[in-house]
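# An overview of the molecular structure
This is what each chain is made of:
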Amino acid sequence: YMMSLFIWGGGALGQQSWGPALGLLLRLVVAALVALLLLRPLAVLGLDDAAARGLGLSITRARLAVVAVALALASSVVAEIGIIGFVGLAAPALARTGGARTPRQMLLAAPLIGAVLLWLTDGVVQCLAVHDLDGLPTGAATALLGAPLLLWLLPRLRMIERPADRAPTRTGRTSSHPPRVLALLGGLVLGLVALGLALGRSGTGMDGAGGGLHLATGALFADLLPWRLPRLAVAAAAGAMLAAAGTILQRVTANPLASPDVLGVGAGAGLGLAVVLLSLPAAGMGA
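Now for a description of the structure that goes with this document. (Residues numbered from 1 in each chain as written. Predicted model: local features only at pLDDT ≥ 70, side-chain atom pairs only at ≥ 80, totals over all residues. Heavy atoms only, no water.)

## Brief notes about helix α5 (residues 59-81)
Heads up, the condition is: Helix and strand assignments follow DSSP, with helices taken as H or I runs no shorter than four residues and strands as E runs no shorter than two, numbered in order from the N terminus. Here a helix's expected span is defined as the number of its residues, less one, multiplied by 1.5 Å. Note on exposure labels: buried denotes an accessible area under 20% of the residue type's maximum, exposed denotes more than 50%, and partly exposed covers the range between, all computed with a 1.4 Å probe on protein chains only. The criterion used for residue contact is that any of the two residues' heavy atoms lie within 4.5 Å.
With 23 residues, α5 extends 33 Å between its outermost C-alpha atoms, agreeing within 8% with the 33 Å of an ideal straight helix rising 1.5 Å per residue. For α5, every residue scored as buried is listed here: I59, A62, V69, S76 and I81. At its buried positions, α5 is contacted by α1 (2-10), α2 (19-37), α3 (39-45) and α4 (49-54). Just downstream of α5, G82 is the residue with a positive phi angle, here 105°.

## A word on the pattern of salt bridges
Counted only if it meets this: Counted as salt bridges are all cases of a side-chain nitrogen of Lys or Arg within 4 Å of a carboxyl oxygen of Asp or Glu.
Under the counting rule described, the total for this entry stands at one salt bridge. The shortest N-O distance in the salt bridge between E80 and R27 comes to 3.7 Å. Of the two residues, E80 sits in helix α5 while R27 sits in helix α2, which places them 53 residues apart along the sequence. Overall, the relative accessible area of 25% leaves E80 in the partly exposed class. The exposure class of R27 is partly exposed, given its relative accessible area of 37%.

## Some words on a nonpolar patch on the surface
Note the following rule: Patch membership requires over 30% relative accessible area and the absence of a salt bridge. Like charges are linked within 9 Å, and nonpolar side chains (Val, Leu, Ile, Met, Phe, Trp, Tyr) within 5 Å. Per-residue and other accessible areas were derived by the Shrake-Rupley procedure at a 1.4 Å probe size, with only the shown protein chains allowed to occlude residues.
On the surface, V181, L182, L185, L188, L192, L195, L199, L213 and L215 cluster together into a nonpolar patch covering about 860 Å² of accessible area. Counting only elements with at least two residues in the nonpolar patch, the list comes to α9 (178-198) and β2 (213-215). By residue number, the principal contributor to the nonpolar patch is α9, which donates six residues.

Dropping the structure here:
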């Protein structure tokens, strides 16, 4: 069950019948018809808010309609075949780089480019299946294509405004006593760590009902420490590493909304794990 869930999370295109494909095709046709009705609002949304309102467009309603169409398409794909990374980000970028500018051009070019990208990636995965790598999720394999493609596209899109070559202006509030604030935060972290190690569920009672929360002390705390401490350490280390990766990516791309997923860190990790599990007979932690 866990392997099936992992393959779904990686985005597997293998299906048992034509049902999922036909269902997605029907939803795509409906979304395309709705998108045609939204072409004019999309063009007006390209203007500033004041100009859009001056032309009589309800900005809130238009944005909600556009987001609803996008969410319906994305959630339909995820529900049927799993998580597919990069295609939704790379296809519009390639279309814009190829000369598509208006909403009509983008809505025609981007889906075609996305179809070709995923088709080529799935073809590579099927070729790998011949060499005893059957079961590699197509969505995870898009990391091989997506990450280098995005790195190549970033300097060419001119979508991200680079910070000016001057001293940055200070924004936001700053503390007048940084050491005191850091000491307070450090004490809070230590208290949360102690609480995470000592507080936990006490299991089930005689009637099968939950026993509630229990504060472990003494010998019980010593017995539980080898189980709780590694989990807490892994959670803290993973959170710190993801935060550091996000900080670096936001600095490099000058995009305050960038995250590790933008460059496919999660999909790349899934791809590496899939290759290890499928290529080694008994993969250890080192592999």
